[in-house]
Amino acid sequence: MRYGILSDIHSNIEALDAVLACLNNERVDRLLCAGDLVGYGADPHLCLKRLRDNRVDAVCGNHDRAAAGQLSLDWFNPHARAAVEWTAGRLIPEEKEYLVQLPLVWKDDRVTVVHGTLEEPEQFHYVLDAAPARRCISLQETSLAFIGHTHVPGFFVQEDGQVRFLRSSRLEVGGRAKVLVNVGSVGQSRDGDPRAAYCLVNTDTQTVEIRRVAYPVEKTQAKIRAAGLPEFLAARLALGY
Ligand code: ZN
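Not measured: the values here are computed from a predicted model. (Residues numbered from 1 in each chain as written. Predicted model: local features only at pLDDT ≥ 70, side-chain atom pairs only at ≥ 80, totals over all residues. Heavy atoms only, no water.)

(A) Focus on the side chain of Asp36. Tracing the chain through its elements places Asp36 in the loop between strand 2 (30-33) and helix 2 (44-53). Aside from chain neighbours lying at most four places away, what touches Asp36 is Asp8, Ile9, His10, Gly61, Asn62, His63, Asp64 and His115. (Helix = DSSP H or I, 4+ residues; strand = E, 2+ residues; numbered from the N terminus. Contact = heavy atoms within 4.5 Å.)

(B) The packing of helix 1 (residues 13-24) against helix 2, seen in detail. Packing of helix 1 against helix 2 leaves a shortest axis separation of 9 Å and a crossing angle of 20°. Judged by the angle between their axes, helix 1 and helix 2 are roughly parallel. For the pair helix 1 and helix 2, the crossing hand works out as left-handed. On the side of helix 1, the interface is formed by Ile13, Leu16, Asp17 and Leu20, while helix 2 contributes Leu46, Cys47, Arg50 and Leu51. (Axes fitted to C-alpha atoms, helices over the stretch in contact; angles between N-to-C directions. Parallel < 35°, antiparallel > 145°, perpendicular 65-115°, else oblique. Left-handed = near helix turned anticlockwise from the far one by under 90°.)

(C) Highlighting the pairing of strand 7 (residues 154-159). Looking at chain direction, strand 7 and strand 10 (residues 179-182) are connected through 4 bridges and run antiparallel. Counterpart to Phe155 in the pairing with strand 10 is Val181. Looking at chain direction, strand 7 and strand 8 (residues 162-166) are connected through 5 bridges and run antiparallel. Residue pairing in the sheet places Gln158 in a bridge with Val163 of strand 8. (Pairing = 2+ DSSP bridges.)

(D) Quick look at the pattern of salt bridges. Evaluation of the coordinates by the stated rule reveals 22 salt bridges. Of the charged contacts in the structure, one is a salt bridge between Arg2 and Glu26, with a shortest N-O distance of 3.1 Å. Pair noted here: Arg2 is in strand 1 (residues 2-6) and Glu26 is in the loop between helix 1 and strand 2, with a separation of 24 residues, a long-range link. A salt bridge links Glu172 to Arg170; the shortest N-O distance between them is 3.1 Å. (Salt bridge = Lys/Arg side-chain N within 4 Å of Asp/Glu carboxyl O.)

(E) Region of interest: the layout of surface pockets. Approximately 200 Å³ is the volume attributed to the largest pocket. For the lining of the largest pocket, the per-class residue count stands at 6 nonpolar, 8 polar and 2 charged. (1 Å grid on protein atoms, 1.4 Å probe; cavity = no way out; pocket = protein on both sides within 12 Å on 5 of 7 lines; lining within 4 Å. Points joined across faces, edges and corners; volume = space filled by probe spheres on them. Nonpolar A, V, L, I, M, F, W, Y, C, P; charged D, E, K, R; others polar.)

(F) Just the nonpolar core, in detail. Membership of the largest hydrophobic core comes to 48 residues, with the highest contact counts inside it found for Leu6, Leu16, Leu37 and Leu99. In terms of residues, this core owes the most to one element, helix 1, which gives 7 residues. Excluding residues that lie within four positions of it along the chain, Leu37 makes contacts with Ile9, His10, Ser11, Cys47, Leu48, Leu51, Ala58, Val59, Asp64, Tyr98, Leu99 and Leu102. Leu32, Val111, Leu144 and Ile210 belong to the second largest nonpolar core, which has 22 residues in total. (Core = buried A, V, L, I, M, F, W, Y, C linked by side-chain atoms within 4.5 Å. Buried < 20%, exposed > 50% of the residue type's maximum accessible area, 1.4 Å probe, protein only.)

(G) Inspection of the coordination of the zinc ion at higher detail. Looking at the metal site, the zinc ion is ligated by Asp8 (OD), His10 (NE2), Asp36 (OD) and His151 (NE2), spaced 2.1 to 2.4 Å from it. With 4 donor atoms in place around the zinc ion and angles of 84 to 174° between them, the coordination shape is irregular. Spacing between the donor residues of the zinc ion along their common chain follows D-x1-H-x25-D-x114-H. One end of the pair, His10, is in the loop between strand 1 and helix 1; the other, His151, is in the loop between strand 6 (144-147) and strand 7, with 141 residues separating them in the sequence. The exposure class of His151 is buried, given its relative accessible area of 2%. (Donors = N, O, S within 2.8 Å, 3.2 Å for Na, K, Ca; no water. Tetrahedral: all angles 85-135°; square planar, octahedral: opposite > 155°, others 65-115°.)

(H) Structural view of the packing of aromatic side chains. Enumeration over the complete set of coordinates arrives at 2 aromatic pairs. Summarising the aromatic geometry, the rings of Phe232 and Tyr241 are spaced 6.1 Å apart at their centres and angled 65° between planes, so their arrangement reads as edge-to-face. Take Phe232: its relative accessible area is 27%, and that puts it in the partly exposed class. The ring of Tyr98 is capped by Arg52, whose NZ or CZ atom sits 4.2 Å from the centre of that ring. Of note, Arg236 hangs over the ring of Tyr241, and the distance from its end group to the ring centre comes to 5.9 Å. (Phe/Tyr/Trp six-rings, centres within 6.5 Å; stacked < 30°, edge-to-face > 60°. Lys NZ or Arg CZ within 6 Å of the ring centre and 35° of its normal.)

Next comes the structure, spelled out in structure tokens:
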């Protein structure tokens, strides 16, 4: 079984289209999304349409909940809050209903997908280091689980009783009982590499790859500026932070 897993698209249609073009060449059986479909970028309608047209099974992120009016804006920093308010003012009721009905956790017998962590998924805690990663892994019922939220891709693995974060692009799962994968962000990278990130999983060969693809950042930036969204949200895309 081959999965393509995306996260944190954040209304960036140029990045999403670049990733979907790559995944269309990979003959994946299933496309999944770890949340934050909207927020930050200027193309919420197009991104939601593209995800639905490609039958992507998504979970709900904190930006999705907030843009649909289901999460307090007190949680957000000023830039994020401005983007949530901008998005909420443009989504049509049917799009908000779609976001609201997304599950917090998606699971089959091979993989689990959640936006923040499996510990109180409705609270959208961040997995930034070993302690929350260990708690998430302890709640994981499948050998592989996939998260987003921090926009920093990599693998949390258990070795000699410790949980370590590996910033590599490929992992042979091999005999490991459980691995927690942060798939990174399609639409707003924060690891210093401005390219879009996505994840390719082959459960037959037990390999997980985090791939990157360039997209026309200047075009996305111009749309953000033209929309009147905060300048910081445009500038950061070129830097990948
Ligand atoms: Zn996000």
